[in-house]
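Here are the chains, one letter per residue:
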Amino acid sequence: MSTIPVKAKRPLGRTLAIALVCVAVAAAGTIAYLLLRDDSAATPVFPGDHHLIIYLQRDIEADTMEQLESALQEHPLTEEILFESQADAMERFQDTFADRPDLVDSVEADDLPSAFRVRLTDGDRAEEFVQEFENAEGVYQISDLMELYRYWVPACIEFEDEGIKPAEDDTESVLYEIQQACSSFGYDL
């Protein structure tokens with residue numbers, strides 16, 4: 001006589017109890033993760049003073065500049081505006097490139113445009129702000145520093161975490177350029 005093996009059925013109550021325990025453990029783990037996670041892993045805060053730089057055309061008329069400044073000040077996303085004259089731009093340029101005297105000597109204040117530096121109430125809406133003003137009379141170009149920040153920060157974090165940096169005497173490679181960009185956002189590679 002042959003016997004056919006038959007699996008014993010687990011009682012329904014026991015199966016439901018096991019499923020309930022699994023769900024409870026998963027929920028407890030998720031809650032513990034959310035409460036104990038390191039918030040420093042969140043997106044870093046933009047380190048700059050201004051989100052946008054609105055470069056002005058060289059031949060901008062005074063009344064056009066006043067109208068533009070007024071429109072910028074009245075915009076609901078504007079938190080702060082700072083006017084930077086060509087002389088101010090030259091000072092900033094000299095400070096930025098102090099270690100490159102040959103470059104500093106090759107530039108005159110008249111070569112640099114005056115600009116409005118704008119801090120927004122919500123830096124994540126910088127693109128919207130740029131679209132509103134990029135074709136305004138007197139505007140030469142707008143630099144969206146938030147866009148650059150969003151582009152570079154993930155790479156900077158990765159390079160910093162992995163300890164990747166250029167050789168000590170390297171000042172011409174792409175890796176050196178990445179290091180310079182990252183250092184402007186507060187990362188030390």
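Residues numbered from 1 in each chain as written. Predicted model: local features only at pLDDT ≥ 70, side-chain atom pairs only at ≥ 80, totals over all residues. Heavy atoms only, no water.

A. A look at the side chain of Asp 144. Looking at the secondary structure, you find Asp 144 in strand E4 (residues 139-144). If we skip the residues at most four places from it in the chain, Asp 144 touches His 51, Leu 52, Ala 126, Glu 127, Val 130 and Arg 150. (Helix = DSSP H or I, 4+ residues; strand = E, 2+ residues; numbered from the N terminus. Contact = heavy atoms within 4.5 Å.)

B. Geometry of the pairing of strand E1 (residues 52-56). E1 sits mainly inside the fold: four of its five residues count as buried. Summarising the sheet, E1 and strand E3 (residues 115-120) pair through four bridges and their orientation is antiparallel. Residue pairing in the sheet places Ile 54 in a bridge with Phe 116 of E3. Relative to E4, E1 is paired through five bridges, and the arrangement is antiparallel. If you follow Leu 56 over to E4, its bridge partner there is Val 139. (Buried < 20%, exposed > 50% of the residue type's maximum accessible area, 1.4 Å probe, protein only. Pairing = 2+ DSSP bridges.)

C. How the structure looks around a negative patch on the surface. A cluster of like negative charges, contributed by Asp 59, Glu 61, Asp 63, Glu 66 and Glu 137, occupies part of the molecular surface. By the secondary structure assignment, Asp 63 is in helix H2 (residues 62-74). (Patch = residues over 30% accessible without salt bridge, like charges linked within 9 Å, V, L, I, M, F, W, Y side chains within 5 Å. Areas by Shrake-Rupley, 256 points an atom, 1.4 Å probe, with all protein chains shown as cover. Salt bridge = Lys/Arg side-chain N within 4 Å of Asp/Glu carboxyl O. Lys, Arg positive; Asp, Glu negative; His and termini not counted. Charge placed at Lys NZ, Arg CZ, Asp CG, Glu CD.)

D. A look at the side chain of Arg 117. Examined against the element boundaries, Arg 117 turns out to sit in strand E3. A polar contact of 3.2 Å, which involves the side chain of Arg 117, links it to the side chain of Glu 84. For Arg 117, the contacting residues outside a window of four places in its chain are His 50, Leu 52, Ile 53, Glu 80, Ile 81, Leu 82, Glu 84 and Arg 92. (Polar contact = N/O pair within 3.5 Å; in protein donor to acceptor, adjacent residues only side chain to side chain.)

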